[in-house]
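Listed below, chain by chain, are the residues.
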Amino acid sequence: MLRVLLLGVLAPAGLGLSAPPGPQPRGSQCVEHDCFALFPGPATFPAASQACEQLGGHLMTVRSSVAADVISLLLSGDSGDSPRLWIGLQLQHGCDDPEQLGPLRGFQWVTGDNRTSYSRWARLHVDRAPLCGPLCVAVSEAGALASGEPAWEEQQCDAEADGFFCEFHFAASCRPLLVDSGAVAAAGVAITYSTPFRALGADFQALPVGSSAAVEPFGVELECVAPRGEAEARWGREAPGAWECSVENGGCEHTCNRSAGTSHCLCPADAALQADGRSCAAAPEEQSCYELCEHFCIPSPDVPGSYSCMCETGYQLAADQHRCEDVDDCIQVPSPCPQLCVNTQGAFTCHCYPGYDMVDGECVEPVDPCFGSNCEYQCQSVGQNDYRCICAEGFVPSPQAPHRCQMFCNQTTCPADCDPNNPDSCQCPDGYILDDGYICTDIDECENGDCPDACRNLPGTYECICGPDSPFAGQVATDCDPKMNGDNDSDSYSDSGSGEPPVSPTPSTTSIPSPVGPLHSGVLIGISIASLSLVVALLALLCHLRKKQGTTRAEPEYKCGSPAKEVVLQQVRTERTPQKL
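Cut-offs used in this document
- Every chain begins its residue count from 1, and numbering advances along the sequence as written.
- Local features in a predicted model are, by the rule used here, given only for residues with pLDDT of at least 70; side-chain atom pairs are given and counted only at 80 or more, and totals for whole chains, interfaces and linings are based on all residues.
- Water and hydrogen atoms were dropped before computing side-chain values, which therefore reflect all heavy atoms in the structure.
- For helices the rule is a DSSP run of H or I covering at least 4 residues; for strands it is a run of E covering at least 2, with both sets numbered from the N terminus onward.
- Summary of the burial criterion: residues with accessible area below 20% of their type's maximum are buried, those above 50% are exposed, and those between are partly exposed, where the area comes from a 1.4 Å probe applied to protein chains only.
- Note on contacts: a residue pair qualifies if any of its non-hydrogen atoms lie within 4.5 Å across the two residues.
- In these tables, accessible area is a Shrake-Rupley quantity obtained with a 1.4 Å probe, and a residue counts as shielded only by the protein chains included in the view.
- Any two strands with at least two DSSP-identified bridges between them are counted as paired.
- Should a side-chain nitrogen of Lys or Arg be within 4 Å of a carboxyl oxygen of Asp or Glu, the pair is scored as a salt bridge.
- Values of pLDDT, the confidence the predictor places in each residue, fall between 0 and 100.
- As used here, the arc belongs to the directions running from the helix axis to the C-beta atoms.
- We call Phe, Tyr and Trp rings a pair once their centres come within 6.5 Å, taking the six-membered ring for Trp, and we label the pair stacked below 30 degrees between planes, edge-to-face above 60, and tilted otherwise.
- Consider the ring centre and the ring normal. A charge sits over the ring if Lys NZ or Arg CZ is within 6 Å of that centre and within 35 degrees of that normal.
- Joining through side-chain atoms within 4.5 Å is the link that ties buried Ala, Val, Leu, Ile, Met, Phe, Trp, Tyr and Cys residues into a set, and such a set is a nonpolar core.
- Where each domain starts and ends follows an automatic or database-derived domain assignment.

Going by the annotation in an unreviewed UniProt entry, the name recorded for the chain is Thrombomodulin, with Felis catus given as the source organism.

Here it is as structure tokens:
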């Protein structure tokens, strides 16, 4: 059952106290955690609503008969004419049939809802004329239907009423201060209370959270607070320690002791006084130094029970000599890092500027990957940690030794590689012959009849397209009849010229011994002419010897005509010989 707490509020002038600025309530009441106050003075509905909101509340909602009883109690001390006082009920713009809109007849509370179990209209509108807003509601005993029950009357919202009721909600409340009766009689104790909604007085039955109390002549000022985690509010203050023991036991949880004009709080033997100087808590069990020290405990061998705390590397003892706090290693001089230092808990990390690498705790410039390479011609960096060897124009890296270079030509003619100190010493890639002294010309192996069927000459090499009679019919090879070459079979298929970059790990070989140097076309012509001269000389010598034998014949068996008619020049076949580069 709801309990109605009457807060008897005396006029500030009667107490000789200075009234706080703003509207002052003439009376107030609290029902559990809701408080209501009557503010006299002419005001329109919007002005009254704004005044309540500035105090942290709103115009009063009368949802039950209990709230109606509060209004009757607040009006009971008024001996003048029945005033009209605003409550928080209003009708917005528009017209509605009041008989179709429930007990509030289309009106709404200032809280935005229309929930209620109570209504008390002064006029019931028997003619059922529609109500058109905006309208606001005031209560007055003049239009009461029964004695002691103020009725609700519709009013224009911009009309001035004689005052208004405000409603405030609080989380908790405190009872009035308990003061020792002996102290009241001896010292004439007087207590003045002040509420958050400006009610000021000495005779209250309950006070909401945020209320204050001034106790004279002790000069004690207290506040009603609700400690975190607790459901009930209590009197207290921020300053630690006890106040006058005769007022609320000095705020002590257990015993308040006054000696030498000073109040102190005492706790039972098994409890310890807390930091606020008023509350008690069970005394903690004695802890070993290993529990008290954050890192390490070093018991003293000389003094029993004495100890000292130590910290791990990178930490130092805090001011309480038990906790350990991090040491900022990076502020040391000199710095522990060569360039950048980042402090961490109990340690630090070294970093290098951009463009440097950390090597064995030192910041060094990145090492060129080509440093220490054995490239025959030139080294080229690949990223930060790798490299590759490159060769001059006309050369490529050797597949077997990528750091070395070998000649390469993929055209019919290429410049020869000549010794700058001996221009007559020049070399050509495999499949080429030195021509005109400084030019390497591709050897056309197809003219030499190396292929029994179709032949395709390529720069530095050739391909045979094997016919139907070959074991490799339709295939491309350098020899279509492996039986003719015997063991040289594999060599014919591994033959490759300089027209393609070398890919085989084994260089091509041939059974023909390598000559000292490449054969020039002029040398071949000279050999042919010498051979022809030798044949002519042999024929002439043969004829001369037969004439000396003196054999007479009518018709000679052999005609010793022009040697050119008896001798047929044969084509000289040039074999492809590998060249040493």
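Take the overall build of the chain next. Along the backbone of the chain there are nine helices and 41 strands. Here the chain holds 581 residues, and the buried ones make up 31% of them. Contacts in the chain between residues at least 24 apart in sequence constitute 47% of all its contacts with a sequence separation of at least 6. When the accessible surface of the chain is summed, it comes to about 35200 Å², and 52% of that surface belongs to carbon and sulfur atoms.

The sheet contact formed by strand E30 (residues 378–382) and strand E31 (residues 386–390) spans five bridges and is antiparallel. For Gln-380, the partnering residue across the bridge sits in E31 and is Arg-388. Linking E30 to E31, which pair antiparallel, is a turn of three residues; within it Gly-383 sits at a positive phi near 70°.

Side-chain pairs of opposite charge can arise where the charged atoms are in close proximity. One pass over the full model with this rule turns up nine salt bridges. Note that Arg-115 and Asp-113 form a salt bridge whose closest N and O atoms lie 3.7 Å from each other. Two residues, Arg-175 and Glu-248, come together in a salt bridge whose shortest N-O distance is 2.9 Å. Linking Arg-175 in the loop between strand E10 (173–174) and helix H4 (181–187) with Glu-248 in the loop between strand E17 (234–236) and strand E18 (255–259), this pair joins segments that are 73 residues apart in sequence. Since its relative accessible area comes to 44%, Arg-175 is described here as partly exposed.

Pairing is antiparallel in the open sheet, where five strands are placed in the order E12-E11-E15-E16-E17. Each having just a single partner strand, strand E12 (200–201) and E17 make up the two edges of the open sheet. Here four bridges tie strand E15 (residues 212–216) to strand E16 (residues 220–225), and the two strands are oriented antiparallel to one another. Of the residues in E16, the one forming a bridge with Ser-212 is Glu-223.

This next bit is on the confidence of the model for the chain. Low-pLDDT stretches of the model should not have their predicted coordinates read in fine detail. Averaged over every residue, the pLDDT of the chain is 79; the share at 70 or more is 79%. Here helix H9 (residues 563–566) stands out as the least confident element of the chain, with mean pLDDT 36; strand E4 (residues 58–59) is the most confident, with 96. Taken as a whole, residues 1–17 scores under 50 in pLDDT and shows 43 contacts with residues more than four places along the chain or in a different chain. Long-range and interchain partners of residues 502–519, a stretch whose pLDDT sits below 50, account for 25 contacts in this model, where long-range means more than four residues apart.

So, on to the environment of Gln-274. Summarising the element assignment, Gln-274 is placed in the loop between strand E20 (271–273) and strand E21 (280–282). Residues in contact with Gln-274, not counting those within four places in the same chain, are Ser-279, Cys-280 and Ala-281.

Turning to helix H2 (residues 45–54), its buried residues number three or more, namely Phe-45, Ala-48, Ser-49, Ala-51 and Cys-52. Relative to the axis of H2, the buried residues are bounded by an arc of 160° and lie together on one face. Away from its buried face by more than 90 degrees, H2 exposes Glu-53 and Gln-54. In the core, the buried residues of H2 are packed alongside strand E3 (34–43), E4, strand E5 (85–96), strand E7 (131–140) and strand E9 (161–169). The first or second residue beyond H2 is Gly-56, which carries a positive phi of 95°.

Okay, unusual backbone geometry next. A cis geometry characterises the amide bond from Glu-216 onward to Pro-217, with omega recorded as 15°. Mapping Pro-217 onto the fold places it in the loop between E15 and E16. Of the consecutive residues Val-333 and Pro-334, the connecting peptide bond is found in the cis state with omega at 0°. Checked against the element boundaries, Pro-334 lands in the loop between strand E25 (324–326) and strand E26 (340–344).

Our focus in this paragraph is the pairing of strand E11 (residues 190–194). In E11, alternate side chains face the same way, and those of Ile-191 and Tyr-193 are buried while those of Ala-190, Thr-192 and Ser-194 on the opposite face are not. Sheet topology note: the E11/E15 ladder contains five bridges and is antiparallel. Looking at E15, one finds that Ala-190 is bridged to Glu-216. Alignment of E11 against E12, held across two bridges, turns out to be antiparallel. Bridged to Ser-194 within E12 is Leu-200. The antiparallel hairpin formed by E11 and E12 contains five residues in its connecting segment, where Arg-198 sits at a positive phi of about 75°.

This brings us to the packing of aromatic side chains. The full count for this structure, using the stated rule, is ten aromatic pairs. Considering the side-chain rings of Phe-170 and Phe-197, the 6.3 Å spacing of their centres and the 40° angle between planes classify their relative orientation as tilted. Of the two residues, Phe-170 is situated in the loop between E9 and E10 and Phe-197 in the loop between E11 and E12; the sequence distance between them amounts to 27 residues. For Phe-197, a relative accessible area of 0% corresponds to the buried category. Here the aromatic residues Phe-107, Trp-109, Tyr-118, Trp-121 and Trp-152 are joined through ring pairs into a cluster of three or more. Lying across the ring of Trp-121, Arg-105 places its NZ or CZ 4.5 Å from the centre.

Another aspect to go through is the environment of Tyr-353. With respect to the helices, strands and loops of the structure, Tyr-353 is situated in the loop between strand E27 (347–351) and strand E28 (357–359). Judged by relative accessible area, which is 40%, Tyr-353 ranks as partly exposed. Considered as a pair, Tyr-353 and Leu-340 are 13 residues apart in the sequence and their alpha carbons are 7.1 Å apart. Not counting residues up to four positions away in its chain, the partners in contact with Tyr-353 are Gln-339 and Leu-340.

Core analysis: the largest hydrophobic core is formed by 39 residues, its most contacted members being Trp-86, Phe-164, Phe-168, Leu-177, Tyr-193 and Trp-235. Listing elements by their share of this core, those giving two or more residues are E3, H2, E7, E9, E11, E15 and E16. Looking at which domains feed residues into this core, each of domain 1 (27–169) and domain 2 (181–282) supplies at least three. Discounting residues that sit within four places of it in the chain, Tyr-193 has contacts with Pro-176, Leu-177, Ala-199, Leu-200, Gly-201, Ala-202, Phe-204, Leu-207, Ser-212, Ala-213 and Trp-235. Counting 26 residues, the second largest nonpolar core, distinct from the first, contains Val-31, Met-60, Leu-104 and Leu-131.

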